[in-house]
Amino acid sequence: MSTGSGTPSAPAPTAPTTPARKSSMFSSLKVRNYRLFFMGQVVSNTGTWMQRIAQDWLVLSLTGSSAAVGITTALQFLPMLLFGLYGGVLVDRLPKRPALLVTQSAMALSGLALAALTLTGQVQVWHVYLTAFFVGLATVVDNPARQSFVSEMVGPDQLHNAVSLNSANFQSARLVGPAVAGLMITGVGTGWAFLANGLSFAAPITSLLLMRARELYPVKRTPRGKGQLREGLQYVAGRPELIWSVVLVGFIGTFGFNFPVWLSAFADNVFHVGAGGYSLLNTLMAAGSLGGALLAARRGSARMRLLILAALTFGALEIVASLAPSYWLFAVLMVPIGICGLTVNVTANTTVQMATDPAMRGRVMSLFMMVFMGGTPLGAPVIGWITDTYGARVGFALGGVVSAAAAAVIGLVLARVGGLRLSVGWERGTPRLRFVPRQREELAAAA
């Protein structure tokens, strides 16, 4: 493992896959520490989605400006874009559980502070901006710490299942949180939604305190040293399964995940179905994402070819959806798009974690999350301008074309790096495309 700025003494796993076997859909929940973590995150994620909805609504109420809502979102993502890599260096030096106790407590305090300002009638828009930026700063450490801590709770055998269940957890909250927030905002006001979010952090904090340290999988921490950020970047650059997974996620996160822009434009300008129709589109996509997460948990493996295939299908479905002639066909397509998008996210996440030396995992996951989360605020203005100028169908199709093209190019690059060639043939009367080793293809041609 790494002991500073030198080369890690234990080589990282070279295979970017977990053992190819199916597992129980909820097998990682048999691990007590992870079960506690999962239950805490159920409550906290619901509160987080409540705060997102209430925050946007409050800013819109205070300013009447959609641009102000966009500024709030940008401020929340900006710290990850600016400081994400440094957060990963810090996470590799720190024990994960105490670090998470600090970050979760900080985010709880931000929610409670915003609740107090709102409930007392003192809130101003700059308060919301400041809170969003503060939450973003906490996320710089919290996100890679949570990603890395999963492997310490469940070990390598259950990592893919645990990552998949984390995504299912988040998508379940995405279904419940906005609905609860809508009821609270309408019934008692935004301040109570902020209060609920602040109090929801009691669940993950309690779960962290109740964990048994002796049952964690120990990881040697990286001591303070010079050049650790550069070392992390060099580590990723020298491993094709890491660098190309991160690049692919970057393209899809930047150009393929701009659904708030596209779905609102389709609902308002193309199909004229209003807020109710827009809400249904988001609900169907969240349902598809939840289904994709559960399927990933059941699958029990993370293969590069699955990542490439899911990304290709994701892009192709976006192109098909952009041409949908009716609202209901467009709505139905949100389900498989959600499944494929979530499959890309989970498979890339697991592939990167399994192929990374534990001593480097914080830095590598911070790069992964910085590219995935930081790309959307950069791509959204471009995609938004194209959508406004040329129409929702062109904007959506462009996102699909970029996603599919990135998957195709990266798939070919990885095949070349791995000494593979594309084989086209027939099997039981149907065409079959697959990558095979070059030597095998040459022998088959000679025969």
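Computed from a predicted structure; not experimentally measured.

Considering the overall build of the chain
Across its full length, the chain carries 16 helices and two strands. Residues counted as buried form 50% of the 447 residues belonging to the chain. Taking all contacts inside the chain whose residues are at least 6 apart in sequence as the whole, residues at least 24 apart take part in 84%. In the form shown here, the chain has an accessible surface area of approximately 19,900 Å², with 66% of it arising from carbon and sulfur atoms.

Re the nonpolar core
Among the nonpolar cores identified, the biggest contains 54 residues, and Leu248, Phe330, Met334, Ile337 and Phe396 are the most heavily contacted of them. Grouped together as the second largest cluster of nonpolar side chains are 28 residues, Val141, Ala145, Ala168 and Met354 included.

Considerations on helix α6 (residues 190-200)
Regarding α6, the residues found buried are Thr190, Gly191, Ala193, Phe194, Asn197, Gly198 and Ser200. Structurally, α6 contributes buried residues whose contacts are with α1 (32-63), α3 (96-119), α5 (159-187) and α7 (202-210).

Structural notes on the packing of helix α9 (residues 240-256) against helix α12 (residues 304-322)
Direction vectors running N to C along α9 and α12 enclose 15°, while the axes themselves pass 12 Å from each other. By the criterion of interaxial angle, the relationship of α9 to α12 is roughly parallel. Here the hand of the crossing between α9 and α12 comes out left-handed. The segment α9 lies against α12, with Glu241, Ser245, Leu248, Ile252 and Gly256 engaging Met304, Leu307, Ile308, Ala311, Phe314 and Glu318.

Regarding the side chain of Thr347
Topologically, Thr347 is positioned in helix α13 (residues 327-354). With relative accessibility at 0%, the residue Thr347 sits in the buried group.

Quick look at the pattern of salt bridges
Under the defined criterion, the tally for this structure stands at three salt bridges. Note that Arg146 and Asp142 form a salt bridge whose closest N and O atoms lie 2.7 Å from each other. In this pair, Arg146 and Asp142 are both assigned in helix α4 (residues 125-154), four residues apart and thus about one turn of the helix distant. Under the relative-accessibility criterion, Asp142 is labelled buried at 3%. A salt bridge links Arg212 to Glu215; the shortest N-O distance between them is 3.0 Å.

Here's the deal with the environment of Glu318
Secondary-structure assignment places Glu318 in helix α12. Taking the C-alpha atoms as reference points, Glu318 and Pro336, separated by 18 residues in sequence, lie 9.9 Å from one another. Sequence-distant contacts of Glu318, defined by excluding residues within four places in its chain, comprise Gly256, Phe259, Trp262, Ile337, Phe396, Gly399, Gly400 and Ser403. In terms of polar contacts, Glu318 uses its side chain to reach the backbone amide nitrogen of Gly400, at 3.2 Å.

Details of the packing of aromatic side chains
Per the counting criterion, the structure on display carries 17 aromatic pairs. Here Phe257 and Phe314 contribute two aromatic rings whose centre-to-centre distance is 5.3 Å and whose plane-to-plane angle is 20°, an arrangement assigned as stacked. Note that Phe257 is positioned in the loop between α9 and α10 (259-270) and Phe314 in helix α12, a separation of 57 residues in sequence. Judged by its relative accessible area of 23%, Phe257 falls in the partly exposed class.

What to know about α7
All of the buried residues in α7 are Pro204, Ile205, Ser207 and Leu208. End-on, the buried residues of α7 take up no more than an arc of 160°, which puts them together on one face. Tucked into the core, α7 has its buried residues touching α1, α3, α4 and α6.

Quick notes on the packing of α9 against α13
For the pair α9 and α13, the least separation of the axes is 10 Å and the interaxial angle reads 155°. When the axes of α9 and α13 are compared, the pair comes out roughly antiparallel. Here α9 runs over α13; the crossing is left-handed. Between α9 and α13, the residues in contact are Glu241, Leu242, Ser245, Val249 and Ile252 and Val344, Ala348, Thr351 and Val352, respectively. Along the lines of polarity and charge, the residues of the contact of α9 with α13 split into six nonpolar, two polar and one charged.

Focus: unusual backbone geometry
With a phi angle near 55°, His272 is a residue other than glycine that sits in the positive phi range. You can see His272 is positioned in the loop between α10 and α11 (274-299).

Overview of the confidence of the model for the chain
Confidence along the chain averages 80 in pLDDT terms, with 83% of residues attaining 70 or more. Put simply, helix α16 (residues 438-446) is where the chain has its lowest mean pLDDT, 50, and α7 is where it has its highest, 95. Every residue in residues 1-21 scores below 50 in pLDDT, and together they form 60 contacts with partners more than four places removed in sequence or on other chains.

Some thoughts on the side chain of Gln41
Turning to its location among the elements, Gln41 is positioned in helix α1. In this structure Gln41 comes out as buried when scored by relative accessible area, which is 7%. With near-sequence residues (within four places) excluded, Gln41 lies in contact with Gln104, Arg146, Asn169 and Pro204.

Brief notes about the environment of Leu294
Of note, Leu294 is situated in helix α11. For Leu294, a relative accessible area of 24% gives the class partly exposed. Leu294 sits 45 residues away from Ile339 along the chain, and the two C-alpha atoms are 9.6 Å apart. Those residues in contact with Leu294, other than ones at most four positions away along the chain, are Met25, Phe26, Leu165 and Ala168.

Conventions and cut-offs
By convention here, each chain's residues receive numbers from 1 onward along its written sequence. Restriction of local features to residues with pLDDT of at least 70 applies here, the model being predicted, together with a cutoff of 80 or more for giving and counting side-chain atom pairs; totals for whole chains, interfaces and linings are based on all residues. As a convention, hydrogens and water are excluded, and side-chain values are obtained from all of the structure's heavy atoms. The numbering of helices and of strands both runs from the N terminus, where a helix is a DSSP run of H or I of at least 4 residues and a strand a run of E of at least 2. Exposure classes here rest on a 1.4 Å probe applied to the protein chains alone. A residue is buried below 20% of its type maximum, exposed above 50%, and partly exposed in between. Should any heavy atoms of two residues lie within 4.5 Å, those residues are counted as being in contact. Values of accessible area rely on a 1.4 Å probe in the Shrake-Rupley scheme; residue burial ignores everything except the protein chains shown. Only buried residues count toward a nonpolar core. Its members are Ala, Val, Leu, Ile, Met, Phe, Trp, Tyr and Cys residues joined through side-chain atoms within 4.5 Å. In this analysis an axis means a line fitted to C-alpha atoms, helices contributing only their contacting stretch, and an angle means the value between N-to-C directions, from 0 to 180 degrees. By definition in this entry, angles of less than 35 degrees are roughly parallel, angles greater than 145 are roughly antiparallel, angles of 65 to 115 are roughly perpendicular, and the rest are oblique. We call a crossing left-handed when the near helix sits turned anticlockwise from the far one by less than a right angle, and right-handed when that turn is clockwise. Any carboxyl oxygen of Asp or Glu within 4 Å of a side-chain nitrogen of Lys or Arg constitutes a salt bridge here. Residues adjacent in sequence count toward polar contacts only when both atoms are side-chain atoms; beyond that, a polar contact is any pair of N or O atoms within 3.5 Å, and within protein one must be able to donate a hydrogen and the other to accept it. Centre distance within 6.5 Å is the pairing criterion for rings of Phe, Tyr and Trp, where only the six-membered ring of Trp is used; planes under 30 degrees apart are then read as stacked, over 60 as edge-to-face, and the remainder as tilted. To obtain the arc, one takes the directions from the helix axis to the C-beta atoms. The residue classification treats Ala, Val, Leu, Ile, Met, Phe, Trp, Tyr, Cys and Pro as nonpolar and Asp, Glu, Lys and Arg as charged. All others, Gly included, are polar. Here pLDDT means the predictor's own confidence in every residue, given as a number from 0 to 100.

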